[in-house]
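A look at the structure
Here is what each chain is made of, one letter per residue.
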Amino acid sequence: MTEQAGGAPPAGVDLDRPSAARVYDFFLGGAHNFEVDRQLAEQIAAMTPHLAETMRAGRAFLRRAVRTLLAEGIDQFLDIGSGIPTVGNVHEVAHAVAPAATVLYVDIDPVAVAHSRSILADVPQAAVIQADLRDPDAICEQAAASGLIDFTRPVAILLAGVTHFIPDADDPQDVLRRLRSRAVPGSHLVISHATFEDQPPEVLAAQRLSARTDTEITLRSKAEIRAMFGDFTILEPGIVHLPLWRPDAPADVDERPERFGAFGGVARRDAAAG
């Protein structure tokens, strides 16, 4: 099996089965994927031709949000649902501006965690833990124990493309409430979430396809996504389709930003928020 330039896989990683994290890495143009992943990615792309663009739009939104938070003085980032931290991920963006910034990645997928540990082995200011977003108390306890996240200081909690994997039965609003409760004033929350609003037919078809997998996506309205921020103060330009959130240049805004099928926003906890 031929592998990409990411090098040999971590010990114990099964290369006979595709990994969702490595498929995502492939769509982003990363190097940590293998032939079995690329074959699945090609099948998915044949059914949903705009999926790779949607993923890249999500990653670009995350990078812009991180740069914004760095400018606000944030120097610690808790990235939950991080996948494999490659291709301009949070620690690369943060360290280009603030080399002392700390980043803790969190993912439930053991394959993503194994690859992440390999990638971050020589990055002292970044690490990864395996945990489930649906157990925010455990995440926060492990984050504090890591020494990379200090919840007595402002922290950025990043939930990029992950909250739509929490089904309604697991009460995502309560999960977010518990996460927000750990953030002191000055902290920020970043969310991008798939939506059914203004969606093209192929994205809705992809959502129906996801219902057959272990990682079903729950599409939600802008109002439901807005509620995940609680009483935090939403930063301008609000909760918008991903390309519309503080684009680097006007030319970067797609003619149909709604076709990417997701909303994104950034919010700050002020003294009175909860």
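Residues numbered from 1 in each chain as written. Predicted model: local features only at pLDDT ≥ 70, side-chain atom pairs only at ≥ 80, totals over all residues. Heavy atoms only, no water.

**Here's the deal with the overall build of the protein**
Operational definition: A helix here means a DSSP run of H or I that spans at least four residues, while a strand means a run of E at least two residues long, and both kinds are numbered starting from the N terminus. Buried residues are those whose accessible area, probed at 1.4 Å on protein chains only, stays under 20% of the maximum for their type, while exposed residues exceed 50% and partly exposed ones sit between those limits. Any two residues whose heavy atoms approach within 4.5 Å at even a single point are treated as in contact. Residue burial considers only the protein chains on display, and all accessible areas are found by Shrake-Rupley using a 1.4 Å probe.
Check the secondary structure of the protein and you find nine helices and eight strands. The buried share of the protein, reckoned over its 274 residues, is 49%. Contacts in the protein between residues far apart in sequence, at least 24 positions, make up 71% of those at least 6 positions apart. For the protein, the computed accessible surface area is about 12,000 Å², with 52% contributed by carbon and sulfur atoms.

**Re the nonpolar core**
Rules: We call a set of buried residues a nonpolar core when its members are Ala, Val, Leu, Ile, Met, Phe, Trp, Tyr or Cys and they connect through side-chain atoms within 4.5 Å of each other.
Leu78, Ile80, Leu133, Ile149, Leu159, Leu189 and Ile191 are the most contacted members of the largest nonpolar core, which has 31 residues in total. For this core, the secondary-structure elements that each account for two or more residues are strand E1 (76-80), strand E2 (102-107), helix H6 (136-146), strand E4 (156-160), helix H7 (172-181), strand E5 (188-194) and strand E8 (262-268). Non-local contacts of Leu133, meaning those with residues more than four positions away in its chain, are made with Ile80, Ile139, Leu159, Val162, Thr163, Ile166, Val175 and Leu179. Ala101, Val190, Leu235 and Val240 belong to the second-largest nonpolar core, a separate cluster that totals 30 residues.

**Comments concerning the packing of aromatic side chains**
Test applied: The aromatic pairing rule takes the rings of Phe, Tyr and Trp, using the six-membered ring of Trp, and pairs them if the centres are within 6.5 Å, calling planes under 30 degrees apart stacked, those over 60 edge-to-face and the rest tilted. Whether a charge sits over a ring comes down to the Lys NZ or Arg CZ being within 6 Å of the ring centre and within 35 degrees of the ring normal.
For the structure shown, the criterion picks out one aromatic pair. Taking 5.7 Å as the distance between ring centres and 85 degrees as the angle between the ring planes, the aromatic pair formed by Phe61 and Trp245 counts as edge-to-face. Within this pair, whereas Phe61 is found in helix H3 (residues 51-71), its partner Trp245 is found in the loop between strand E7 (240-241) and E8, the two being separated by 184 residues in sequence. The pair formed by Phe61 and Trp245 is uniform in burial state, with each residue classed as buried. Taking the ring centre of Phe151 as reference, the NZ or CZ of Arg182 above it sits at 5.1 Å.

**Overview of the confidence of the model for the protein**
Close inspection of predicted coordinates is inappropriate for parts of the model with low pLDDT. This is how the line gets drawn: Each residue carries a pLDDT score, the predictor's own confidence in it, on a scale running from 0 to 100.
For the protein, per-residue confidence averages 85 on the pLDDT scale, and 84% of positions sit at 70 or higher. Note on residues 1-6: pLDDT is under 50 here. Beyond four places in sequence and across chains, it has 19 contacts.

**A short note on the environment of Arg220**
Selection rule: Two N or O atoms count as a polar contact when they lie within 3.5 Å, although within protein this holds only if one can serve as hydrogen donor and the other as acceptor, and sequence-adjacent residues are included solely when both atoms are side-chain atoms.
Mapped onto the elements, Arg220 comes out in the loop between helix H8 (201-210) and helix H9 (222-227). Separated by 24 residues in the primary sequence, Arg220 and Phe196 place their C-alpha atoms 6.2 Å from one another. A polar side-chain atom of Arg220 sits 3.3 Å from the main-chain carbonyl oxygen of Thr163.

**Thoughts on the pattern of salt bridges**
The line we're drawing: Throughout this description, the term salt bridge denotes a Lys or Arg side-chain nitrogen within 4 Å of a carboxyl oxygen of Asp or Glu.
The tally for this structure, following the rule as stated, stands at 10 salt bridges. Linking Arg67 and Asp248 is a salt bridge whose minimum nitrogen-to-oxygen distance equals 3.1 Å. With Arg67 in helix H3 and Asp248 in the loop between E7 and E8, the pair connects residues that are 181 residues apart, well separated along the chain. Classification of Arg67 by relative accessible area gives partly exposed; the value is 35%. Arg153 is the partner of Asp75 in a salt bridge, and the nearest nitrogen-oxygen pair spans 2.6 Å. One end of the pair, Asp75, is in the loop between H3 and E1; the other, Arg153, is in the loop between H6 and E4, with 78 residues separating them in the sequence.

**Thoughts on the pairing of E2**
Here is the rule we go by: When DSSP finds two or more bridges between a pair of strands, those strands are recorded as paired. By definition, the crossover connecting two strands over a helix is right-handed if that path, from the first strand to the second, turns clockwise as seen with the strands pointing away from the viewer.
Among the six residues in E2, six count as buried, and that is most of the element. Every second residue of E2 is oriented toward a common face, with Thr102, Leu104 and Val106 on one face and Val103, Tyr105 and Asp107 on the other, all of them buried. In terms of strand pairing, E1 meets E2 through five bridges, oriented parallel. By the bridge assignment, Phe77 is partnered in E2 with Val103. Regarding topology, helix H4 (residues 90-97) serves as the crossover connection from E1 to the parallel E2, and that connection is right-handed. Pairing analysis gives five bridges linking E2 to strand E3 (residues 126-130), with the strands arranged parallel. Note on E3: the bridge partner recorded for Asp107 is Gln130. Handedness of the β-α-β unit built from E2, helix H5 (residues 110-119) and E3 comes out right-handed.

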